[in-house]
Amino acid sequence: MSKLTRHRLWSLEEYAEQRPAFRHQVMEHKRFRQLMLGEHLRLTFEDEMTIRYQVQEMLRIERIFEGPAIQEELDAYNPLIPDGTNLKATMMLEYPNATERRERLAQLTGIEHKIWLQVGDDWCCYGIADEDLDRSDEHKTSSVHFLRFELTPEAILDLKQGAALVIGVDHPQMDTGPIPVPDAVRDALAEDLSITYAS
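To start, this report covers the structure provided alongside it. (Residues numbered from 1 in each chain as written. Predicted model: local features only at pLDDT ≥ 70, side-chain atom pairs only at ≥ 80, totals over all residues. Heavy atoms only, no water.)

A few words on the environment of Thr-85. The residue Thr-85 is located in the loop between helix H3 (67-77) and strand E3 (86-93) in this model. Along the backbone, Thr-85 and Glu-150 are 65 residues apart, and their C-alpha atoms lie at a distance of 6.1 Å. Polar side-chain contacts of Thr-85 include one of 2.4 Å to the side chain of Glu-150. (Helix = DSSP H or I, 4+ residues; strand = E, 2+ residues; numbered from the N terminus. Polar contact = N/O pair within 3.5 Å; in protein donor to acceptor, adjacent residues only side chain to side chain.)

This part covers the packing of aromatic side chains. Taken as a whole and assessed by the stated rule, the structure comprises five aromatic pairs. Residues Phe-45 and Phe-149 carry aromatic rings whose centres are separated by 6.3 Å and whose planes lie at 40 degrees to one another, so their mutual orientation is tilted. Of this pair, Phe-45 sits in strand E2 (residues 41-45) while Phe-149 sits in strand E7 (residues 144-150); the two residues are 104 residues apart in sequence, bridging distant segments of the chain. Take Phe-45 and Phe-149: they sit in the same class, and that class is buried. In textbook terms, an aromatic cluster arises when at least three aromatic residues are bridged by ring pairs, as seen for Trp-10, Tyr-15, Phe-22 and Tyr-53. Lying across the ring of Trp-10, Arg-52 places its NZ or CZ 5.8 Å from the centre. (Phe/Tyr/Trp six-rings, centres within 6.5 Å; stacked < 30°, edge-to-face > 60°. Buried < 20%, exposed > 50% of the residue type's maximum accessible area, 1.4 Å probe, protein only. Lys NZ or Arg CZ within 6 Å of the ring centre and 35° of its normal.)

Further remarks concern the nonpolar core. Ranked by internal contacts, the top residues of the largest apolar core, which has 36 residues, are Leu-41, Leu-43, Ile-115 and Leu-151. Ranked by residue count, the leading element in this core is E3, at four residues. Excluding its chain neighbours within four sequence positions, the residues that come into contact with Ile-115 are Leu-37, Leu-41, Leu-43, Met-91, Cys-125, Tyr-126, Gly-127, Leu-147, Phe-149, Ile-167, Gly-168 and Val-169. Among the nonpolar cores identified, the runner-up in size contains twelve residues, and Leu-4, Val-55, Ile-64 and Leu-80 belong to it. (Core = buried A, V, L, I, M, F, W, Y, C linked by side-chain atoms within 4.5 Å. Contact = heavy atoms within 4.5 Å.)

With that out of the way, let us pick up unusual backbone geometry. Positive phi is not limited to glycine here, since Arg-63 has a value of about 55 degrees. The residue Arg-63 is located in the loop between helix H2 (48-62) and H3 in this model. Residue classification places Arg-63 among the exposed residues on the basis of a relative accessible area of 54%. At Asp-130, a position not held by glycine, the phi torsion is positive, near 50 degrees. Tracing the sequence through the fold places Asp-130 in the loop between strand E6 (128-129) and E7.

Below is the structure:
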């Protein structure tokens, strides 16, 4: 999956015109790229469209229009686009109540390293969390993390051929799963992977 470049973005004026239709398109697209693990943990699997939306929204909010500043945003967001051998996800711990959120984030330290993905009956891996910077310490975790699930060629081939995909959490304070990924979501995620990496 190719990375974003400046020529693939709309200007602020163009985005103002395109935004309503594009936002609707992205929301529909995300329906097949999200999974709840229990009541409070959401995974959104990113791709070129979801990241392009995030970049365009950031440029709009910050009123960024100069080339170097646009490139800074691209450099920050491009690593979240899958590379063909992996799935990349934004992980969110969702607790609307501020007091409960503070308590749970303290209890869930390290949970970002405990999200696993299984293809078929045999192959499994844990997500690699926050490669850009640490978002947790020994006292609490963050409510947002970024995960990379690196797949073997065999797992990629199996997934593209329709093997079951399940995801779970094995943190002692949130032991959730295995959760079967719906076929429509599995098929969308399989599109992020390149069969050329499989033998």
